[in-house]
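Descriptive structure summary
The chain contents come next:
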Amino acid sequence: MELYLDTADVAAVARLARIFPLAGVTTNPSIIASARQRPESVLPALRDALGGEGRLFAQVMANQAQEMVAEAHKLRGIISDLVIKVPVTAEGLAALKLLKREGIPTLGTAVYGAAQGLFAALAGAEYVAPYVNRVDAQGGDGIQTVTELQQLLTLHAPGAKVLAASFKTPRQALACLLAGCEAITLPVEVAEQFISTPAVSAAIGKFEQDWQHAFGTRTL
């Protein structure tokens, strides 16, 4: 399983990379814009925060296939092994096919339906990113969409991976993993919820109190 952080917060990546077994970092135009840094500065900084390892993802902004390809080359001029995120539109599917021919790894993003995700994989995307919480927000079932997409890829595009995205709770992420997803990307706040459970803190506090009472210290 591949675990990614969905952020351009360099400090948060450095802090959580020390704790989590991160496979890398995913970004999108909104995330990079929120960091107030251009890709040429924030992407290398994110790589450094990962200790020089892990995969980085960045998204094209163009709407036409040939322009998407040109932007993919520009982005890979910043990070040579960058995975290029392409929205799964009609032009995006055409771009995915062109980038596949060039051997450039891609992720089909902005996926709101299982069939849409399958077409991205068949066009050559190495990863497909369904938007779990955004599907829910539109009245759909994000987990069901992921489950159906995972089944479709297993049957018809086994070389591609679901990289589930758009989470508000750890439970959503776990449901995707139980559905067979090989990769997920978490916002920083959701990742932190996995390791900041009040019941765990309370249990540790009780251990420390009991040890202190018995031996007059809180250390071994």
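Structure first, text after, so check above.
So, here is what we can say about the structure in this document. Here the structure is a predicted model, which is why all the values come from computation and not from measurement. (Residues numbered from 1 in each chain as written. Predicted model: local features only at pLDDT ≥ 70, side-chain atom pairs only at ≥ 80, totals over all residues. Heavy atoms only, no water.)

1. So, the sheet that holds strand E2 (residues 24–26)
Rules: Strands pair, by our definition, only if DSSP identifies at least two bridges between them. Labels follow the DSSP assignment, with helices taken as runs of H or I lasting at least four residues and strands as runs of E lasting at least two, numbered in each case from the N terminus. Interaxial angles span 0 to 180 degrees and are taken between N-to-C directions of axes, which are lines fitted to C-alpha atoms, for helices over the stretch in contact. By definition in these notes, contact holds between two residues if any of their heavy atoms fall within 4.5 Å.
Taking strand neighbours around the barrel as the criterion, the eight strands line up as E1-E2-E3-E4-E5-E6-E7-E8 in a closed arrangement whose pairing is parallel. With strand direction ignored, the average angle separating the axes of adjacent strands in the sheet is 25°. When strand E6 (residues 127–130) meets strand E7 (residues 161–164), the two strands line up parallel, connected through two bridges. By the bridge assignment for E7, Tyr127 is matched with Lys161. Across the face of the sheet, helix H4 (residues 65–76) comes into contact with strand E3 (55–59) and strand E4 (83–87) while running at roughly 150° to E4.

2. A few points about the packing of helix H6 (residues 114–123) against helix H8 (residues 142–156)
Quick reminder of the rule: The hand of a helix crossing depends on one turn: near helix anticlockwise from the far one by less than a right angle means left-handed, and clockwise means right-handed. Ten residues, namely Ala, Val, Leu, Ile, Met, Phe, Trp, Tyr, Cys and Pro, are considered nonpolar, four, namely Asp, Glu, Lys and Arg, are considered charged, and the remaining ones, Gly among them, are considered polar.
In contact at an axis separation of 8 Å, H6 and H8 are set at 35° when each is read in the N-to-C sense. Crossing hand, H6 versus H8: right-handed. Listed contacts from H8 to Ala114, Ala115, Gly117, Leu118, Ala121 and Leu122 of H6 are Thr145, Glu148, Leu149, Leu152, Leu153 and His156. When the residues that make up the contact of H6 with H8 are grouped by side-chain class, the tally is eight nonpolar, three polar and one charged.

3. Here we look at a nonpolar patch on the surface
This is how it is decided: Patch definition: residues with relative accessible area over 30% and no salt bridge; like charges joined within 9 Å; nonpolar side chains (Val, Leu, Ile, Met, Phe, Trp, Tyr) joined within 5 Å. In short, Shrake-Rupley with a 1.4 Å probe defines the accessible areas, and a residue's cover is counted only from the protein chains shown. The term salt bridge refers to a side-chain nitrogen of Lys or Arg lying within 4 Å of a carboxyl oxygen of Asp or Glu.
A surface patch of nonpolar side chains, about 320 Å² in accessible area, is lined by Ile19, Leu174, Phe194 and Ile195. By secondary structure assignment, the location of Phe194 is in the loop between helix H10 (188–193) and helix H11 (198–215).

4. Examining the pairing of strand E1 (residues 2–6)
Heads up, the condition is: For every residue, the accessible area obtained with a 1.4 Å probe (protein chains only) is divided by the maximum for its type, and the residue is called buried under 20%, exposed over 50%, and partly exposed between those limits. Handedness rule for crossovers: strands pointing away from the viewer, path from the first strand over the helix to the second running clockwise, crossover right-handed.
Taken across its five residues, E1 has five buried, putting it largely inside the fold. Taking every second residue as pointing to the same face, both faces of E1 are buried, with Glu2, Tyr4 and Asp6 on one and Leu3 and Leu5 on the other. Sheet analysis places E1 next to E2, joined by three bridges and oriented parallel. Considered in E2, the bridge of Asp6 is made with Thr26. In this fold, E1 hands off to helix H1 (residues 10–17), which returns the chain to E2; that crossover is right-handed.

5. What about H8?
Let me state the cut-off plainly: A helix's residues, less one, multiplied by 1.5 Å, set its expected span. Here the arc refers to the set of directions running from the helix axis out to each C-beta atom. Pairing of N or O atoms within 3.5 Å defines a polar contact, subject to two protein rules: one partner must be a possible hydrogen donor and the other a possible acceptor, and residues neighboring in sequence count only if both atoms are side-chain atoms.
A rise of 1.5 Å per residue sets the reference length of H8, with its 15 residues, at 21 Å; its end C-alpha atoms lie 21 Å apart and thus fit the reference within 8%. Within the span of H8, buried status applies to Gly142, Thr145, Val146, Leu149, Gln150 and Leu153. For H8, the angular spread of buried residues about the axis comes to 135°, placing them on one side. Across from the buried face of H8, at angles greater than 90 degrees, the exposed residues are Thr154 and Leu155. Against H6, E6, helix H7 (132–137), E7 and helix H9 (170–178) lie the buried residues of H8. For H8, the N-terminal cap is Asp141; the gap from its side-chain oxygen to the backbone nitrogen of Ile143 is 3.3 Å.

6. Topic: the environment of Asp81
Of note, Asp81 is situated in the loop between H4 and E4. With 26 residues separating them along the chain, Asp81 and Arg55 place their C-alpha atoms 7.6 Å apart. Contacts of Asp81, omitting those with residues within four sequence positions, involve Arg47 and Arg76. A polar atom in the side chain of Asp81 sits 3.1 Å from the side chain of Arg47.

7. Digging into the pairing of E3
Most of E3 is tucked away, with four of its five residues classed as buried. Here E2 pairs with E3 via three bridges, running parallel. When the bridges of E3 are listed, Gly24 appears paired with Arg55. For E3 and E4, the ladder comprises three bridges, and the chain directions are parallel. Within the sheet, the bridge partner assigned to Gln59 lies in E4 and is Lys85. The parallel pair E3 and E4 is bridged by H4, and the resulting crossover is right-handed.

Limitation: the analysis is restricted to geometry and does not speak to function.
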